[in-house]
Amino acid sequence: MKRREFMTRAASVGLLGAVAPMFGSLETLASTPQSDGTYNLAAIRGGGPIQMFEKAIEALGGIQRFVKPGQRVLIKPNIGWDAPPERAANTNPDLIGHIVKEALKAGASNVYVFDHTCDQADRCYQNSKIEEAVKNNGGIIVPGHNETNYKEVVIPGGKILKTAKVHEQLINADVFINVPILKHHGSTTVSLSVKNLMGVVWDRRFYHRNNLSQCLADFLSYRKPDLNIIDGYRMLTRNGPQGISTNDVADLKALIAGTDIVAVDAAATLMFGSKPEDIEHLRIAQEMGFGNMDLKSMSIKRIKIA
């Protein structure tokens, strides 16, 4: 289905009715676990953010697989916009708070959360409800809008993005958990795990001036997240990345998680009625060896919560 056809269909039958069947595209894919009993991907549907996370992390081997005692953890949500959770412009705060809590239970020394916001930082942190959720669960929310917190690093495999100023929290993190929200984007069609990493660099304008898709893929040669969790509890179906109103939102109640950033984004792309290979930055990332969008080669745990 072409993007224009998808948008027409969404308008005619209702947003949720248009996108929900797309989740069924994962039904034809392999569901046999790997030799260690875990799965490459977890695709959960029908519950609340916390309930879906618990099912997903269990399928992937538990939070202890990713967080060891004494480690410093960075959680990177999307907090880019001055909007309440109902607008689906930012990651669900309940999900972020719970991941903070679980990482600390697993023995993390500290759990940090930040984003380089697009709107005014304090309003984004407050009105997204993420700041409150992080603090209530023992995490540390740090600023992302001060250039002094960013240090220049070399992007070792970058074709266009050769260097970048990266937030010190990422540089110092032992564990990197990437938690974007599932949403439309006017420039890249979708805004998912790979796109969410723009929030850890200072000069995002460089990306937009110098082949956005290539720069997005290039950054993965510096550091890929250890775990990617796509929040699809609410889905921004149009007018992304910030949306205009709740009329742009579908209550999808979905979550996709995995370690392969390209595979996770490929699975989520299906819910937009798009082919993963049509998303340029995903195609480039796979060609550069940063992940695999061939979902037929993956073991995928699919759970529908009644």
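All values reported here derive from a predicted model rather than from experimental measurement.

## Thoughts on the packing of helix α11 (residues 261–269) against helix α12 (residues 280–287)
Each packed pair of helices is defined by two parameters, the angle between the axes and the distance between the axes. Their axes nearest at 10 Å, the elements α11 and α12 cross at an angle of 150 degrees. As summarised for this structure, α11 and α12 are arranged roughly antiparallel, according to the angle between their axes. As for how α11 packs across α12, the hand of that crossing is left-handed. Contacts between α11 and α12 involve V262, D265, A266 and T269 from the former and L282, A285 and Q286 from the latter. Its residues assigned to classes, the contact of α11 with α12 shows 4 nonpolar, 2 polar and 1 charged.

## Overview of the layout of surface pockets
Empty pockets left among the atoms are what a rolling probe the size of a water molecule brings to light. Roughly 370 Å³ of volume is contained in the largest pocket. Together, 20 residues line the largest pocket, and H116, C118, K195, M198 and R204 are the ones closest to its centre. Secondary-structure elements contributing two or more residues to the lining of the largest pocket are β8 (181–185), α8 (193–196) and α9 (205–209).

## Re the confidence of the model for the protein
Across the protein, pLDDT averages 90, with 90% of residues at or above 70. In the model, residues 1–19 has pLDDT below 50 throughout and makes 36 contacts with residues more than four positions away in sequence or in other chains.

## Quick word on the nonpolar core
The tendency in soluble globular proteins is for nonpolar side chains to be buried as a group. Ranked by internal contacts, the top residues of the largest apolar core, which has 93 residues, are V67, I75, I177, L182, Y207, F219 and I229. For this core, the element with the highest residue contribution is α11, accounting for 7 residues. Every residue in contact with I75, bar those within four places of it in the chain, is listed here: I96, I99, V100, V111, Y112, V113, F114, I177 and V179.

## What about the pattern of salt bridges?
If you walk through the whole model with that rule in mind, you get 10 salt bridges. Two residues, E131 and K135, come together in a salt bridge whose shortest N-O distance is 3.2 Å. Taken together, the residues span about one helical turn, with E131 and K135 both in helix α6 (residues 130–136) at a distance of 4 residues. Of the charged contacts in the structure, one is a salt bridge between R223 and D226, with a shortest N-O distance of 3.9 Å. Each member of the salt-bridge network shares a partner with another, and the members are E280, R283 and E287.

## Some details on unusual backbone geometry
The phi dihedral of K129 is positive, around 70 degrees, even though this residue is not glycine. The backbone of K253 sits at a positive phi, close to 55 degrees, despite the residue not being glycine. With respect to the helices, strands and loops of the structure, K253 is situated in the loop between β11 (249–250) and β12 (254–258). A residue is classified by how much of its surface remains accessible, and K253, at 29% relative accessible area, is partly exposed.

## A closer look at the packing of aromatic side chains
Applying the stated criterion across every chain yields a total of 2 aromatic pairs. Taking 5.2 Å as the distance between ring centres and 55 degrees as the angle between the ring planes, the aromatic pair formed by Y150 and W202 counts as tilted. In this pair, Y150 is assigned in strand β5 (residues 150–154) and W202 in the loop between α8 and α9, connecting sequence segments 52 residues apart. Judged by relative accessible area, Y150 falls into the buried class, the value being 4%.

## A closer look at α12
Residues H281, L282, I284 and A285 constitute the buried set of α12. All buried residues of α12 lie within an arc of 165 degrees about the axis, which places them on one face of the element. Those residues of α12 that are buried lie in contact with β9 (189–191), α8, α10 (212–219) and α11. In the stretch just after α12, G289 is the one whose phi turns positive, near 85 degrees.

## Focus on the packing of α10 against α12
Close contact between α10 and α12 brings their axes to 8 Å; oriented N to C, the two are set at 40 degrees. In terms of orientation, α10 lies oblique with respect to α12. Every pair of crossing elements has a handedness; the one defined by α10 and α12 is right-handed. Residue-level inspection shows S213, Q214, L216 and A217 of α10 in contact with α12, the latter providing E280, H281, I284 and A285. Residue composition of the contact of α10 with α12, by class: 4 nonpolar, 3 polar and 1 charged.

## Regarding helix α3 (residues 49–59)
Among the residues making up α3, those that are buried are P49, M52, F53, A56, I57 and A59. In a view along the axis of α3, the buried residues occupy a sector of 155 degrees, so they form one face of it. Just beyond α3, the residue with positive phi is G61, at close to 115 degrees.

What counts as what
- Residues numbered from 1 in each chain as written.
- Predicted model: local features only at pLDDT ≥ 70, side-chain atom pairs only at ≥ 80, totals over all residues.
- Heavy atoms only, no water.
- Axes fitted to C-alpha atoms, helices over the stretch in contact; angles between N-to-C directions.
- Helix = DSSP H or I, 4+ residues; strand = E, 2+ residues; numbered from the N terminus.
- Parallel < 35°, antiparallel > 145°, perpendicular 65-115°, else oblique.
- Left-handed = near helix turned anticlockwise from the far one by under 90°.
- Contact = heavy atoms within 4.5 Å.
- Nonpolar A, V, L, I, M, F, W, Y, C, P; charged D, E, K, R; others polar.
- 1 Å grid on protein atoms, 1.4 Å probe; cavity = no way out; pocket = protein on both sides within 12 Å on 5 of 7 lines; lining within 4 Å.
- Points joined across faces, edges and corners; volume = space filled by probe spheres on them.
- pLDDT = per-residue confidence, 0-100.
- Core = buried A, V, L, I, M, F, W, Y, C linked by side-chain atoms within 4.5 Å.
- Buried < 20%, exposed > 50% of the residue type's maximum accessible area, 1.4 Å probe, protein only.
- Salt bridge = Lys/Arg side-chain N within 4 Å of Asp/Glu carboxyl O.
- Phe/Tyr/Trp six-rings, centres within 6.5 Å; stacked < 30°, edge-to-face > 60°.
- Arc of directions from axis to C-beta.

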